Amino acid sequence: MRVLVTGATGFVGRRLVPALLDAGHAVTALVRDAERYDPPAGVRVVVGDLLAPGSFDDAFDGVETAYYLVHSMTARDDFAARDRRAAENFARAASAAGVDRVIYLGGLGEERDHLSAHLRSRREVERVLATGDYALTTLRAAIIVGPRSAGFEMVVQLASRLPVMVTPRWVRTPCQPIAVDDVIAYLVGVLDVPETASETYDIGGPEVLTYAEMLRRTGRHLGREPIILAVPVLTPRLSAYWVGLMTDVPWSVARPLIEGLKNPVVARDDRLARLVPAERTSFDEAVRRALAERQESMAA
């Protein structure tokens, strides 16, 4: 199948492109800066910007299915408007090009739980994409465990640097983390299951954990389990400053991450796991793989 991957230079996109090639698909990658992207052999690269209509139309030539992996992770005030505009431009161009199907990776979270601004934006992008003249498949995930994942990097740095943590209440929030390898397996697998078109699925790993449990278990893999003390007085804004001081995660990224941690992010069903059979990776195994790959990249 001929597929397009937007966000090909991102955390998920860089893994999805070679996985699609391995599955026998012809891949086009849409990037804003070709100099920042070293594509696998055989990938067609198109330079364009989803915020600039007309700049990326060539990317859809011959494409049957397109992956939408674009979202902002920033504290800038206009991020939601930018994400909405990018999704609108994409939906119009994909519809005009006659794309059959779009696959979107969004975020878990119940709207009745007063979603954070970034999770609300993810859901708005989903609604915008659904207006296109194609079948939309949406996969919703919580924190993705893998190197270069902003959420997982925050967990690793906190667990490795602080033997004792006085943390906000969000450490008690339930979350269903998922290994990046499992996310890729689902993203590739839905292409071969026609009944997943026009459907929305929650995806998650085999365990529901609190962020405190994730911090402790990640700490064990790093050789030191932190002691965590939760207090009710740290606001999301103060929490973001705290994370910015304690880690290398910039405040502009830490703030939207922290604001989203107040929302429970747990899969409501496992329908996709039955349609796309895959052995789900345990949290500890996902952490082990991620830390090993992270160490290799730092040593390179």
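Every value quoted in this text rests on a predicted model; they were computed, and no experiment measured them.

K.L.:
Help me out: how do you make sense of empty space enclosed by the protein in this one?
P.N.:
Which parts of space are left empty comes out when a probe the size of a water molecule is rolled across the atoms. On inspection of all chains with the given rule, the structure shows one cavity of 30 Å³ or more. Space inside the largest cavity adds up to approximately 50 Å³. The wall of the largest cavity is formed by Val145, Pro177, Ile178, Ala179, Gly205, Pro206, Glu207, Thr281, Ser282, Phe283 and Ala286. Among the secondary structure elements, those contributing two or more residues to the lining of the largest cavity are β10 (178-179) and α10 (283-299). Grouping the amino acids of the lining of the largest cavity by side-chain chemistry returns seven nonpolar, three polar and one charged.

K.L.:
Would you mind going over the sheet that holds strand β5 (residues 101-107) with me for this structure?
P.N.:
By definition, the strands of a sheet pair up through backbone hydrogen bonds, in either a parallel or an antiparallel sense. The strand order β3-β2-β1-β4-β5-β6-β11 describes an open sheet built from seven strands, whose pairing is parallel. Each edge of the sheet is formed by a strand with only one pairing partner; in this case those strands are β3 (44-47) and β11 (200-202). Across the sheet, the mean angle from the axis of one strand to that of its neighbour is 20°, orientation sign disregarded. In terms of strand pairing, strand β1 (residues 2-6) meets strand β4 (residues 65-68) through three bridges, oriented parallel. The residue bridging Leu4 from the neighbouring strand is Ala66, located in β4. Against the sheet, helix α1 (residues 13-22) makes contact with β1, β2 (26-31) and β4, and its axis sits at roughly 170° relative to β1, the strand it touches most.

K.L.:
Would you mind showing me how to read unusual backbone geometry here?
P.N.:
A negative phi holds for most residues other than glycine; trans holds for most peptide bonds. In this model, Arg148 sits at a positive phi of 80°, which is unusual for a non-glycine residue. If you trace the backbone, Arg148 turns up in the loop between β7 (144-145) and α4 (150-161). A positive phi is found at Ser198, a non-glycine position, where the angle reads about 65°. Considering the arrangement of structural elements, one finds Ser198 in the loop between α5 (180-189) and β11.

Calculation rules
Residues numbered from 1 in each chain as written. Predicted model: local features only at pLDDT ≥ 70, side-chain atom pairs only at ≥ 80, totals over all residues. Heavy atoms only, no water. 1 Å grid on protein atoms, 1.4 Å probe; cavity = no way out; pocket = protein on both sides within 12 Å on 5 of 7 lines; lining within 4 Å. Points joined across faces, edges and corners; volume = space filled by probe spheres on them. Helix = DSSP H or I, 4+ residues; strand = E, 2+ residues; numbered from the N terminus. Nonpolar A, V, L, I, M, F, W, Y, C, P; charged D, E, K, R; others polar. Pairing = 2+ DSSP bridges. Axes fitted to C-alpha atoms, helices over the stretch in contact; angles between N-to-C directions. Contact = heavy atoms within 4.5 Å.

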